[in-house]
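Coordinates in review
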Amino acid sequence: MDNTDLFGRAKQDLYEDMQSRGIGAILWDNSTAGFDYIPEINLADDDAEMPDTSRIMGLYAYDGTLYLIEEDKAHVNLDDLYNPDTEVKPSVVTLSPDSADKLLGNPSEKQGFTTDGSLEEWLAIADCYYQALNEENEETAE
């Protein structure tokens, strides 16, 4: 199996994991999530003089494709996903597929959603996904 096959399989496994958990999208607050590192991808071409780094704030499983949600580029705000009068601001929010579709819509028609990134960047983001799930479970248990 070459790297391209491995990369595709890793993305598909992540997509299937989200589906099996009933998750259409998972969003996290990079400032409070407590990850070991900040999930980022480089969107610049190999010959670009300056890097174009985008910080990732979540994953969106839409129509068979897994998208990264770019912080400050996608028009998504965690503050809109909880009631500040009755709830503590969460570090992680998961959305059902129906809720994700209603809130996020078709990512190929919107800015701030990408399927770009290297195998190494996606593996780091997958690690953040599993850390986010653990963090959400801890928040829910409290």
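Here the structure is a predicted model, which means the values were calculated and not measured.

Another point: the overall build of the chain. In terms of regular secondary structure, the chain is built from three helices and six strands. Helices (α) and strands (β) of the chain occur, in sequence order from the N terminus, as α-β-β-β-β-β-α-β-α. For the chain, whose C-alpha radius of gyration is 15 Å, the value lies close to the compact-globule estimate of 14 Å for 142 residues. Each of the three principal axes of the chain carries a C-alpha extent, and together these read 50 × 35 × 30 Å. In the chain, of all internal contacts separated by at least 6 residues, the share reaching a separation of at least 24 is 71%. Accessible surface for the chain amounts to roughly 8200 Å². Of this, 43% is attributable to carbon and sulfur atoms.

Ranked by internal contacts, the top residues of the largest apolar core, which has 24 residues, are Met-18, Ile-26, Trp-28, Leu-59, Leu-66 and Tyr-129. Put simply, the parts of the chain that give this core at least two residues each are helix 1 (3–20), strand 1 (25–28), strand 3 (53–62), strand 4 (65–70) and helix 3 (119–141). Per-element accounting of this core gives the leading share, eight residues, to helix 3. Listed in part, the 14 residues of the second largest apolar core include Leu-27, Tyr-60, Val-93 and Leu-104.

Our focus in this paragraph is the pattern of salt bridges. Pairing is possible between side chains of opposite charge, provided their charged atoms come close. On inspection of all chains with the given rule, the structure shows nine salt bridges. Residue Arg-55 is joined to Glu-40 by a salt bridge in which the shortest nitrogen-to-oxygen separation is 3.9 Å. Pair noted here: Arg-55 is in strand 3 and Glu-40 is in strand 2 (residues 40–42), with a separation of 15 residues, a long-range link. Arg-55 is paired through a salt bridge with Glu-71; the nearest N and O atoms lie 3.9 Å apart.

What counts, and at which threshold
Residues numbered from 1 in each chain as written. Predicted model: local features only at pLDDT ≥ 70, side-chain atom pairs only at ≥ 80, totals over all residues. Heavy atoms only, no water. Helix = DSSP H or I, 4+ residues; strand = E, 2+ residues; numbered from the N terminus. Rg over C-alpha atoms; globule rule 2.2 N^0.38 Å. Contact = heavy atoms within 4.5 Å. Areas by Shrake-Rupley, 256 points an atom, 1.4 Å probe, with all protein chains shown as cover. Core = buried A, V, L, I, M, F, W, Y, C linked by side-chain atoms within 4.5 Å. Buried < 20%, exposed > 50% of the residue type's maximum accessible area, 1.4 Å probe, protein only. Salt bridge = Lys/Arg side-chain N within 4 Å of Asp/Glu carboxyl O.

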